[in-house]
Amino acid sequence: MIILQGKGVSGGIARGCLLFCKKGSGTVLREDGEGSERENSRFASAQKLSIEQLEKLAEKCRREIGEDEAVLFETHAMLALDDDYVSCIYDTIEKDGCRAEYAVHLAGEKFSSLFSSMDDVYMRERAADIRDVTRRIIENLGAESDDEGTYRSRGDGQFIVAADDLAPSETVQLDKSKILGFVTKYGSSNSHTAILARTMGIPAVCAVGDKLGEIYDGQFAYIDGETGEIVIDPDEVTRRTLDEKYERIKETEEHFRSMIGKEDITLDGKRMMLYCNISSPDDIHAVLANDGQGIGLFRSEFLYLAADDYPTEEEQLEAYRSAASAMNGKRVIIRTLDIGADKQVDYFNLKKEENPAMGLRAVRICLNRPDVFRTQLRALYRASAYGKIAIMFPMITSVWEVKECRRACVSVMQELREEGIPFDSECEIGIMIETPASVLIAEELAEHVDFFSVGTNDLTQYTLACDRQTGDLGKFFDPYHPAVLRALKIAADAAHKKGIWIGICGELGSDLSLLPTFLAIGIDELSVPPSSILPLRAELRQTIAKTCELDLLET
Ligand code: PEP
Ligand code: MG
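Residues numbered from 1 in each chain as written. Chains lettered and ligands numbered in written order. Predicted model: local features only at pLDDT ≥ 70, side-chain atom pairs only at ≥ 80, totals over all residues. Heavy atoms only, no water.

Side note on unusual backbone geometry
Unusually for a residue other than glycine, Ala207 sits at a positive phi of about 55°. In this structure, Ala207 sits in the loop between β6 (204-206) and β7 (220-224). If you check the backbone angles, Ala465 has positive phi at about 55° while not being a glycine. Relative to the elements of secondary structure, Ala465 occurs in the loop between α18 (456-464) and α19 (482-497). (Helix = DSSP H or I, 4+ residues; strand = E, 2+ residues; numbered from the N terminus.)

Structure (structure tokens):
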């Protein structure tokens, strides 16, 4: 029996034979080219073919896996067109007189090592993207390569895929029905393998290191996506222990699935609305599959982030309408544009700010740019004719902001009325509580809106003066801090005093350990990633609301 230790990045236990994804060295030897004109044109054709393939892969992903993975291939297509990357290739062909394959290989090495040396873990992971695009272009140049690129399937059984790390183009080509789990030598929780495993809901362990050798190919193993342990050829006692854990996890998953169709209610009859957070209409299938009872946060800015120019009224209408129709009368809360800070959109030409989290972001941009705001509000109101849409404004700090937002809504409704375009004039209006200022004046704010939704990600950042983007703040960034939880209580009391409901749409909402505290505070709604709905429902249905306490609010 061999036990290897890695990092668990997607929970659960997989048991089965290891199948290694074999790759060649990826080395391309220098050869003299046939003149720069010929090599440039060979590169241009291979680049074009690669982009076409990547676009097809993006479409396949969008249909079979999800939006995040599709965007990844679109990013690859952009990398293949990147000015610096492409100039580096043409320069090498020109100066060195080599074949295009070698020039592409050198550009890939240069840019992937540049990314690998970056401090930011996410950026480091992008080195794999550059290598992937580079490999594709070289393959399309018709170079001889011993690189098989993808795993070779053997027989009809299922297996645990083992690899150095899987490139996105490899993961999309895998036959998902045959994969029980993933284990990789390198990577982190941001790596593609980890992202794919979480999307597929199967276990994965990464960063096992070089000990994960091909000598284990074909051997029976267990991987534990929580502890990060890989047990190869286990002895009888270990096998029994892991089998028991495996069965327990399967039972829990089964139990969660049995929650589909059940009410979101505690043992003593207190109801809570369990809604989902989404970023695009493509996420609706996950909402429906997990029986989400509404959308509590549609982050509309992703429409703007994905575009090269301002999305038109018609484009936005299509996105909001399809979400409203798919939810079939259930509430769909769409948050107006929340860009700035960590979400920059080039075509807005926003000035560079020293301190963007405190700068011109979210509703501040909308109020400064009435043209942009009006287009979005028109699309939202037009979509309200197709379902139960609610509009929510982010980053509110003052009553005047809410009044101005409402004025903009009234003016848009007036326009639509005059144009004879149908809309829902009862469309609910809410605000996000994500600044300490909004907590302190919550009672006054509540007089102007139909609901509150607490953005605990930003509320934690602004309450504790801790940048949410800086991973290094460690224990100082503490969303369980009594100040954050008390802020929730102040806002909830204000909401209820004024007769409106309050929800949470930040990450904290899916934290099962806080559910009793949220019930004690009187939170009415939790909006969480779709995969958190059923575990939350299961927890809610075995909780007695009356016995929940506010002890976490004490210091
Ligand atoms: C939040 O701040 O908690 C929130 C839900 O908004 P975002 O994370 O999009 O800023
Ligand atoms: Mg926020």
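Quick notes on the packing of aromatic side chains
Taken as a whole, this structure holds 11 aromatic pairs when the rule is applied. Pairing Tyr304 with Phe348 gives two aromatic rings, centres 6.2 Å apart and planes at 50°, and the pair type is tilted. Remark: Phe348 occurs in the loop between β11 (331-335) and α13 (363-368) and Tyr304 occurs in helix α11 (residues 301-305); sequence separation between them is 44 residues. Note on accessibility: Tyr304 and Phe348 belong to one class, buried. A cation over a ring is seen here: Arg15 above Tyr246, with NZ or CZ 3.7 Å from the ring centre. Here the guanidinium or amino end of Arg321 rests over the ring plane of Tyr386, the centre of that ring lying 5.7 Å away. (Phe/Tyr/Trp six-rings, centres within 6.5 Å; stacked < 30°, edge-to-face > 60°. Buried < 20%, exposed > 50% of the residue type's maximum accessible area, 1.4 Å probe, protein only. Lys NZ or Arg CZ within 6 Å of the ring centre and 35° of its normal.)

Describing the pairing of strand β14 (residues 451-454)
Residues Phe451 and Ser453 line one face of β14 and the alternating positions Phe452 and Val454 line the opposite face, and both faces are buried. When strand β13 (residues 428-433) meets β14, the two strands line up parallel, connected through four bridges. Within β14, the residue paired with Ile433 across the bridge is Val454. Examined bridge by bridge, β14 and strand β15 (residues 501-504) share four bridges and lie parallel to one another. Looking across to β15, one finds that Phe451 is bridged to Trp501. (Pairing = 2+ DSSP bridges.)

What to know about the coordination of the magnesium ion (ligand 2)
Protein coordination at the magnesium ion (ligand 2): the donors are Glu434 (OE) and Asp458 (OD), at 2.1 to 2.2 Å from the metal. Within this pair, whereas Glu434 is found in the loop between β13 and α16 (436-440), its partner Asp458 is found in helix α18, the two being separated by 24 residues in sequence. The pair formed by Glu434 and Asp458 is uniform in burial state, with each residue classed as buried. (Donors = N, O, S within 2.8 Å, 3.2 Å for Na, K, Ca; no water.)

Points about the side chain of Asn457
Among the structural elements, Asn457 can be located in helix α18. Overall, the relative accessible area of 15% leaves Asn457 in the buried class. There is a polar contact of 2.9 Å between the side chain of Asn457 and the backbone nitrogen of Glu507. Apart from residues no more than four positions distant in its own chain, Asn457 is found in contact with Arg299, Arg468, Phe477, Gly506 and Glu507. (Polar contact = N/O pair within 3.5 Å; in protein donor to acceptor, adjacent residues only side chain to side chain. Contact = heavy atoms within 4.5 Å.)

Observations concerning the sheet that holds β14
Sheet architecture is closed into a barrel: eight strands sit in the order β9-β10-β11-β12-β13-β14-β15-β16, paired in parallel fashion. Mean inter-strand twist for the sheet, computed between neighbouring axes without regard to direction, equals 25°. Bridge count for strand β9 (residues 273-278) against strand β16 (residues 525-528) is four bridges, and the pairing is parallel. If you follow Tyr275 over to β16, its bridge partner there is Ser527. (Axes fitted to C-alpha atoms, helices over the stretch in contact; angles between N-to-C directions.)

What about the side chain of Thr92?
The residue Thr92 is located in helix α3 (residues 83-96) in this model. The buried category is assigned to Thr92, whose relative accessible area is 14%. Once residues within four sequence positions are removed from consideration, Thr92 is found in contact with Gly97, Cys98, Ala103 and Leu106.

Describing the site of ligand 1
In the vicinity of ligand 1 there are 14 residues, among which Arg299, Arg335, Gly455, Asn457 and Arg468 approach most closely. At 2.8 Å, a side-chain N or O of Arg335 approaches an oxygen atom of ligand 1. Relative to its free-state accessible area of 290 Å², ligand 1 is covered by the protein chains to the extent of 98%. Those elements giving two or more residues to the shell around ligand 1 turn out to be β10 (295-299) and α18. For the shell around ligand 1, the leading source of residues is α18, giving three residues. (Near = heavy atom within 4 Å. Areas by Shrake-Rupley, 256 points an atom, 1.4 Å probe, with all protein chains shown as cover.)

A few points about helix α2 (residues 67-81)
For α2, built from 15 residues, the straight-helix expectation of 21 Å at 1.5 Å per residue is met to within 8% by its first-to-last C-alpha distance of 21 Å. Among the residues making up α2, those that are buried are Glu67, Glu69, Ala70, Leu72, Phe73, His76, Ala77 and Ala80. (Expected span 1.5 Å × (residues − 1).)

So, the pattern of salt bridges
Scanning all chains against the criterion turns up 38 salt bridges. With a closest N to O distance of 2.9 Å, Arg30 and Asp32 form a salt bridge. For Arg30, a relative accessible area of 35% translates into the label partly exposed. Between Glu101 and Arg42 there is a salt bridge; the shortest N-O distance is 2.8 Å. Of this pair, Glu101 sits in helix α4 (residues 100-116) while Arg42 sits in helix α1 (residues 36-64), and the two are 59 residues apart along the sequence. With respect to burial, Glu101 and Arg42 carry one shared label: buried. (Salt bridge = Lys/Arg side-chain N within 4 Å of Asp/Glu carboxyl O.)

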